[in-house]
Amino acid sequence: MSEPEAFAGRLRDIRRRIDAACARAGRRPDEVTLLAVSKTVPPAHVRMAMAAGLSDLGENRVQEAVDKIGQLQLPAGSVRWHLIGHLQSNKARRAVELFDTIHSLDNPELARRLDRIAGELGKRLPVFIQTHLGGEETKSGCDENDVPPFCELLGQLPNLELRGLMAIPPYMENPENARPYFRRLRELRDAIQAAGVTGETFRGLSMGMSHDFETAIEEGATHVRIGTALFGERASTINL
Ligand SMILES: *Cc1c(COP(=O)(O)O)cnc(C)c1O
């Protein structure tokens, strides 16, 4: 079997599992965006993903994305790039230039900087607040209790568009054990929505990875971030 055929087979399998998880939860599959996480994946494989119909790609390092997007030379607007990894403030300008959506916004200072740069570039930048639910391996993320006031602040930044919340629950051998984390993120979103401090674009939940995306979808994920289940095991280890 050729590499593109193998890729297409993995993608079909993932789509089937997304559809089944949606059916179990009484949701429509078009409510869930499959984000192909292409970190460490060479440009040729990104082209293969695009040829198979994927148009949302996730990268976790700004510099790797700069290099890859430079090599790919894609027509403007052919894919949407999502930043899913920690963003250092000295890379903020590059990130605003390159990415269509930032999933890893986790502090007000970075928000103000992104807002100012987006304004300078004449862009409106969709963002998710990365939320630290406790127990995670990553230190990134806004403390759960600080998320509601952070949402209020974002309402005052005209060049950022708050789309929802993002989280990376700890790795669980049995994805069922990650369910309480996914549920908590959904309940936090619902509570913030109910408080009425956010606009109507605030409805997203970026959660679920290769080993637990079905559970995440059952709990309301709108964006699942899938790397290894699509592209195969990564060669190098990744810091989240
Ligand atoms: C690497 C990464 C993913 C994808 O992980 P897989 O287990 O390979 O699907 C998702 N989200 C974030 C933030 C990542 O860094």
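Going by the structure above, here's the rest.
Residues numbered from 1 in each chain as written. Predicted model: local features only at pLDDT ≥ 70, side-chain atom pairs only at ≥ 80, totals over all residues. Heavy atoms only, no water.

J.: What exactly am I supposed to notice about the packing of helix α2 (residues 43-51) against helix α3 (residues 62-72) here?
T.: How two helices pack is summed up by the angle between their axes together with the distance between the axes. Between α2 and α3, the least distance of the axes is 10 Å, while the angle of their chain directions is 65°. Judged by the inter-axis angle, α2 sits roughly perpendicular to α3. Taken as a pair, α2 and α3 cross one another with a handedness that is right-handed. Across the interface between the two elements, Pro43, Val46 and Arg47 from α2 touch Lys68, Gln71 and Leu72 from α3. Taken together, the residues that form the contact of α2 with α3 break down as 3 nonpolar, 1 polar and 2 charged. (Axes fitted to C-alpha atoms, helices over the stretch in contact; angles between N-to-C directions. Helix = DSSP H or I, 4+ residues; strand = E, 2+ residues; numbered from the N terminus. Parallel < 35°, antiparallel > 145°, perpendicular 65-115°, else oblique. Left-handed = near helix turned anticlockwise from the far one by under 90°. Contact = heavy atoms within 4.5 Å. Nonpolar A, V, L, I, M, F, W, Y, C, P; charged D, E, K, R; others polar.)

J.: Can you walk me through α3 in this structure?
T.: One turn of the α-helix equals 3.6 residues, which is why residues spaced by three or four share an orientation. Every buried residue belonging to α3 is among Val62, Ala65, Val66, Lys68, Ile69 and Leu72, and all of these are buried. Where α3 is buried, its residues meet α2, β2 (56-59), β3 (80-83) and α4 (92-98). Once α3 ends, the next one or two residues include Gln73, with phi positive near 50°. (Buried < 20%, exposed > 50% of the residue type's maximum accessible area, 1.4 Å probe, protein only.)

J.: How do you make sense of the packing of aromatic side chains when you look at a structure like this?
T.: What describes a pair of aromatic rings is the distance from one ring centre to the other and the angle between the planes of the rings. Across all of its chains, the model carries 1 aromatic pair by this definition. Ring geometry for Phe7 against Phe231: centres 5.5 Å apart, planes inclined by 45°, an arrangement best described as tilted. Remark: Phe231 occurs in helix α9 (residues 228-231) and Phe7 occurs in helix α1 (residues 3-25); sequence separation between them is 224 residues. Assigned by exposure class, Phe7 and Phe231 land together as buried. (Phe/Tyr/Trp six-rings, centres within 6.5 Å; stacked < 30°, edge-to-face > 60°.)

J.: Sorry, what's going on with the site of the ligand here?
T.: Residues in close proximity to the ligand total 12 residues, the closest being Lys39, Ser210, Gly227, Thr228 and Arg234. Note that a nitrogen atom of the ligand is positioned 2.9 Å from one of the side-chain N or O atoms of Arg225. Residue Thr228 places a main-chain N or O atom 2.8 Å away from an oxygen atom belonging to the ligand. Coverage of the ligand by the protein amounts to 96% of the 390 Å² it exposes when considered alone. Taken together, the residues that form the shell around the ligand break down as 6 nonpolar, 3 polar and 3 charged. (Near = heavy atom within 4 Å. Polar contact = N/O pair within 3.5 Å; in protein donor to acceptor, adjacent residues only side chain to side chain. Areas by Shrake-Rupley, 256 points an atom, 1.4 Å probe, with all protein chains shown as cover.)

J.: What should I look at first to understand α1 in this one?
T.: Relative to the 33 Å expected for 23 residues at 1.5 Å per residue, α1 spans 33 Å between its end C-alpha atoms, a close match to the ideal helical length. Among the residues making up α1, those that are buried are Ala6, Phe7, Leu11, Ile14, Ile18, Ala21 and Cys22. Those residues of α1 that are buried are in contact with β1 (33-37), α2, α8 (213-218), β9 (223-226) and α9. Looking one or two places after α1, you find Gly26, whose phi comes out positive at around 65°. (Expected span 1.5 Å × (residues − 1).)

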